[in-house]
Amino acid sequence: MHIEKILNNNVVISSNELQQEIIVLGKGIAFQKKIGDTIDWKEDTKKFVLESQDLSGKYQQIIASIPLEYLSVTDEIIMNIKLKLGKKLSESIYISLTDHIYTAIQRKKQGISLKNAMLWEIKRFYPVEFKLGKESIEIIKKLLEVKLPEDEAGFIAFHIVNAELDDQAQNSYEISKVMLRY
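Only a predicted model underlies this, so the values are computations on that prediction, with no experimental measurement involved. (Residues numbered from 1 in each chain as written. Predicted model: local features only at pLDDT ≥ 70, side-chain atom pairs only at ≥ 80, totals over all residues. Heavy atoms only, no water.)

S.K.: Sorry, what's going on with helix α3 (residues 92–109) here?
M.R.: Residues spaced three or four apart along an α-helix face the same direction, because each turn holds 3.6 residues. The end-to-end C-alpha distance of α3, which contains 18 residues, comes to 26 Å, matching closely the 26 Å that a straight helix rising 1.5 Å per residue would cover. When α3 is considered as a whole, its buried residues turn out to be Ser-92, Ile-93, Tyr-94, Ile-95, Leu-97, Thr-98, His-100, Ile-101, Ala-104, Ile-105 and Arg-107. (Helix = DSSP H or I, 4+ residues; strand = E, 2+ residues; numbered from the N terminus. Expected span 1.5 Å × (residues − 1). Buried < 20%, exposed > 50% of the residue type's maximum accessible area, 1.4 Å probe, protein only.)

So, in structure tokens, the structure goes:
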């Protein structure tokens, strides 16, 4: 695999064998590299294939400005969510959750507290997603040594719900297309 675009020292764009654009993350992966060079795969190298070009462009903008450790933590959180939910999530969660986690931690470091006015409703109507949100803030605490409040578990739960709804909306659309044929 070859480098097609360098976003920063830790992020490059390439293409896979299906000619899909992939985002490759790894500490120092682009250090002293140029376009056309071969990507050096390491144990901690991660790759993302975003099927939507629109999402890929947005994700590139976000990851170019966010430190690698936040991207890695978000990836671990999303893997945990997918494992526990057993459902496919919309790719948009990579963008929304990465951005949310980064800004939540920046707010915390600045001493800014954001209350989640819908926390009670989220706990009541989305208990599974809220539990995953709590697990997510534990992952953040463990890997980034930042303790986020319970309100953030609610915000993360909302990102999960939205990613589930995006998938359900796509399924409804596909079912509607099939039904219209008959």
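S.K.: Just checking my understanding: could you explain the pairing of strand β1 (residues 5–8) for this structure?
M.R.: Residues in a regular strand project their side chains so that they alternate between the two faces of the sheet. Looking at chain direction, β1 and strand β2 (residues 11–15) are connected through three bridges and run antiparallel. Considered in β2, the bridge of Asn-8 is made with Val-11. Between β1 and the antiparallel strand that follows it, β2, lie two residues. (Pairing = 2+ DSSP bridges.)

S.K.: Mind showing me how you'd approach the environment of Ala-163 here?
M.R.: Mapped onto the elements of the fold, Ala-163 is located in helix α6 (residues 150–181). Put simply, Ala-163 and Ile-93 are 70 residues apart on the chain and 5.8 Å apart in space, counted from C-alpha to C-alpha.

S.K.: Is there a simple way to explain the pattern of salt bridges in this structure?
M.R.: Opposite charge on two side chains makes pairing possible when the charged atoms of those side chains draw close. Under the defined criterion, the tally for this structure stands at eight salt bridges. Notably, a salt bridge pairs Glu-152 with Arg-107, separated by 2.9 Å at the nearest N-O pair. Of the two residues, Glu-152 is situated in helix α6 and Arg-107 in helix α3; the sequence distance between them amounts to 45 residues. The partner of Lys-115 in a salt bridge is Asp-151, with the nearest N and O atoms 3.6 Å apart. Note that Lys-115 is positioned in the loop between α3 and α4 (119–125) and Asp-151 in helix α6, a separation of 36 residues in sequence. (Salt bridge = Lys/Arg side-chain N within 4 Å of Asp/Glu carboxyl O.)

S.K.: Please explain a nonpolar patch on the surface as it appears in this structure.
M.R.: On the surface, Met-118, Phe-125, Tyr-126 and Phe-158 cluster together into a nonpolar patch covering about 380 Å² of accessible area. Topologically, Phe-158 is positioned in helix α6. Take Phe-158: its relative accessible area is 33%, and that puts it in the partly exposed class. (Patch = residues over 30% accessible without salt bridge, like charges linked within 9 Å, V, L, I, M, F, W, Y side chains within 5 Å. Areas by Shrake-Rupley, 256 points an atom, 1.4 Å probe, with all protein chains shown as cover.)

S.K.: What's the story with the packing of aromatic side chains in this structure? I'm lost.
M.R.: For any pair of aromatic rings, geometry is given as the distance between the ring centres together with the angle between the planes. Across all of its chains, the model carries one aromatic pair by this definition. A ring pair is formed by Tyr-70 and Tyr-102, whose centres lie 5.1 Å apart and whose planes are at 85°; its orientation type is edge-to-face. Placement of Tyr-70 in helix α2 (residues 68–85) and of Tyr-102 in helix α3 is noted, with a sequence separation of 32 residues between them. Exposure remark for Tyr-70: the relative accessible area of 6% places this residue in the buried category. Tyr-102 sits in the partly exposed class, given a relative accessible area of 22%. (Phe/Tyr/Trp six-rings, centres within 6.5 Å; stacked < 30°, edge-to-face > 60°.)

S.K.: Looking at this structure, how should I read the packing of α2 against helix α5 (residues 127–144)?
M.R.: Each pair of packed helices can be summarised by the angle the axes make with each other and by the distance between the axes. Between α2 and α5, the least distance of the axes is 10 Å, while the angle of their chain directions is 145°. Considering the relative orientation of α2 and α5, their crossing is right-handed. Together, Glu-69, Tyr-70, Val-73, Glu-76, Ile-77, Asn-80, Ile-81, Lys-84 and Leu-85 of α2 and Val-128, Leu-132, Glu-135, Ser-136, Ile-139, Ile-140, Leu-143 and Leu-144 of α5 make up the contact between the two elements. Residues of the contact of α2 with α5, tallied by class, amount to eleven nonpolar, two polar and four charged. (Axes fitted to C-alpha atoms, helices over the stretch in contact; angles between N-to-C directions. Left-handed = near helix turned anticlockwise from the far one by under 90°. Contact = heavy atoms within 4.5 Å. Nonpolar A, V, L, I, M, F, W, Y, C, P; charged D, E, K, R; others polar.)

S.K.: How do you make sense of the environment of Ile-95 when you look at a structure like this?
M.R.: With respect to the helices, strands and loops of the structure, Ile-95 is situated in helix α3. Ile-95 gets classed as buried once you look at its relative accessible area, which sits at 12%. Put simply, Ile-95 and Ser-56 are 39 residues apart on the chain and 9.0 Å apart in space, counted from C-alpha to C-alpha.

S.K.: Explain the environment of Thr-98 here, please?
M.R.: Within the fold, Thr-98 resides in helix α3. Overall, the relative accessible area of 1% leaves Thr-98 in the buried class. Residues Thr-98 and Leu-71, 27 residues apart in the sequence, show an inter-C-alpha distance of 6.4 Å. Every residue in contact with Thr-98, bar those within four places of it in the chain, is listed here: Tyr-59, Ile-62, Ile-66, Leu-71, Thr-74 and Ile-93.

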